[in-house]
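# Structure assessment
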Amino acid sequence: MARRAAVAAGPLGDDFSFVSPVAKYVLFFFNLLFWVISMVMVAVGVYARLLKHAEAAMACLAVDPAILLVTVGVLTFLITFCGCVGSLRENICLLQTFSVCLTVIFLLQLAAGVLGFVFSDEARGKVSEIINGAIVHYRDDLDLQNLIDFGQKEFSCCGGVSYKDWSQNMYFNCTASNPSRERCSVPFSCCLHDAEQAVINTMCGHGMQARGYLEASAFIHTNGCIDKLVNWTHSNLFLLGGITLGLALPQLVGIVLARLLINQIRDQIKLQLYNQQHRADPWS
């Protein structure tokens, strides 16, 4: 209101600007940082995809970590591009696009969190589908294989619901018709490891699916990763809340700065129009 009153009261100097350099360049460098990060993400994702065999890469396209990295990187690149150029060039259209995209992403994240909490059973089922799909393509993608092995080691688990879920994989399938040497086995990441063991026995999971829970539990983790993940989530709510806040805070800062800069640019345009009209008609 004070700025509009100043415009209405009389002409201001040509060197005066409502646009704050602080807001402008803070938003610019804020987006520039994430712009660079997004380009690195895309480069790493594309490089990872190019290293893979074409047939294997197409077989596990839906669960490929490299595809996820490229997708997130491209989306981040486009959004931060609008923020970078829009703030530097004081372009209202680009700034509005940046602000709207961040707002939509923030609301989608919020909705996903609420729906995941309210419909926990459905969310659990979706996670189970993702894990089962990853198990099926375990041998098709080295990145996916390393990711699964890391998760099973960290959470001390095996499979989705139980270690016998590995029968869904064609190499570990426990049917008599399976000619694979790994028939009825589980990955070595399921095994109970001795801290003093210098060399990891990668064959420690051989034939474990053919054994009962009690017998197999002496050699491998028999509990599935879904229950372990749920228990870990319940035990680390404060950590997850902090991570969520850390992800949401930059988005909120970007939205606020973009809206502030848009309003300042609009006030500056009104001031320029007023000064032009005053010069053309000094008696107005």
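Criteria and thresholds
- Residues numbered from 1 in each chain as written.
- Predicted model: local features only at pLDDT ≥ 70, side-chain atom pairs only at ≥ 80, totals over all residues.
- Heavy atoms only, no water.
- Helix = DSSP H or I, 4+ residues; strand = E, 2+ residues; numbered from the N terminus.
- Buried < 20%, exposed > 50% of the residue type's maximum accessible area, 1.4 Å probe, protein only.
- Contact = heavy atoms within 4.5 Å.
- Areas by Shrake-Rupley, 256 points an atom, 1.4 Å probe, with all protein chains shown as cover.
- UniProt positions renumbered as here; feature names shortened; annotations may be inferred.
- Polar contact = N/O pair within 3.5 Å; in protein donor to acceptor, adjacent residues only side chain to side chain.
- Expected span 1.5 Å × (residues − 1).
- Patch = residues over 30% accessible without salt bridge, like charges linked within 9 Å, V, L, I, M, F, W, Y side chains within 5 Å.
- Salt bridge = Lys/Arg side-chain N within 4 Å of Asp/Glu carboxyl O.
- Arc of directions from axis to C-beta.
- Axes fitted to C-alpha atoms, helices over the stretch in contact; angles between N-to-C directions.
- Parallel < 35°, antiparallel > 145°, perpendicular 65-115°, else oblique.
- Left-handed = near helix turned anticlockwise from the far one by under 90°.

## What to know about the overall build of the protein
- Within the protein, the secondary structure is distributed over 10 helices and 0 strands.
- Counting from the amino terminus, the protein carries its helices and strands in the arrangement α-α-α-α-α-α-α-α-α-α.
- Scored against the burial criterion, the 284 residues of the protein give a buried share of 33%.
- Look at the contacts in the protein between residues 6 or more apart in sequence, and 70% of them connect residues 24 or more apart.
- Element-wise, carbon and sulfur atoms account for 68% of the exposed surface of the protein, whose accessible area totals about 17,300 Å².

## Thoughts on the UniProt feature "transmembrane region" (unreviewed entry) in the protein
- Under the UniProt annotation, the feature "transmembrane region" (unreviewed entry) is placed at residues 25-47, 67-88, 100-119 and 237-262.
- Within residues 25-47, the helical portion is 100% and the strand portion 0%, while the C-alpha atoms at the span's ends are 33 Å from each other.
- With 100% helix and 0% strand, residues 67-88 has its two end C-alpha atoms placed 31 Å apart.

## Considering the environment of Ile220
- Examined against the element boundaries, Ile220 turns out to sit in the loop between helix H8 (213-216) and helix H9 (225-235).
- Take Ile220: its relative accessible area is 1%, and that puts it in the buried class.
- C-alpha separation for the pair Ile220 and Ser156, spaced 64 residues apart in sequence, amounts to 9.0 Å.
- In this view, Ile220 contacts Tyr163, Val186, Cys190, Cys191, Leu192 and Met208; residues no more than four positions away in its chain are not counted.

## Notes on the side chain of Ser189
- Its location among the elements puts Ser189 in the loop between helix H7 (142-155) and H8.
- Given the relative accessible area of 1%, Ser189 is considered buried.
- Looking at Ser189, its side chain comes within polar contact range of the side chain of Gln152, at 2.7 Å.
- What Ser189 contacts, discounting residues up to four positions off in sequence, is Asp149, Gln152, Lys153 and Cys157.

## Let's talk about helix H5 (residues 92-118)
- The first and last C-alpha atoms of H5 sit 38 Å apart over 27 residues, in line with the 39 Å expected at 1.5 Å per residue.
- Among the residues making up H5, those that are buried are Ile92, Leu94, Leu95, Phe98, Ser99 and Leu102.
- Measuring from the backbone nitrogen of Cys93 back to the side-chain oxygen at the start of H5 gives 3.0 Å, which picks out Asn91 as the cap.

## Examining a nonpolar patch on the surface
- A contiguous nonpolar patch, built from Leu107, Leu110, Val114, Leu115, Phe117, Val118 and Phe119 and spanning about 730 Å² of accessible area, is present on the exposed surface.
- Along the polypeptide, Phe119 turns up in the loop between H5 and helix H6 (120-136).

## Here's the deal with H6
- Under the 1.5 Å per step criterion, the end-to-end length of H6 is 24 Å for 17 residues, consistent within 8% with the ideal 24 Å.
- Taken residue by residue, H6 has Ser128, Ala134 and Ile135 as its buried positions. For H6, the buried positions fall inside an angular range of 125° around the axis, keeping them on one side. The outward face of H6, more than 90 degrees from its buried face, is lined by the exposed residues Glu122, Lys126 and Glu129.

## Comments concerning the packing of helix H4 (residues 65-89) against H5
- Close contact between H4 and H5 brings their axes to 7 Å; oriented N to C, the two are set at 140°. The orientation of H4 with respect to H5, classified from their angle, is oblique. Read as a crossing pair, H4 and H5 show a hand that is left-handed. Of the residues in H5, those touching H4 at Leu75, Ile79, Cys82, Gly83, Val85, Gly86 and Ser87 are Leu94, Leu95, Thr97, Phe98, Cys101, Leu102 and Ile105.

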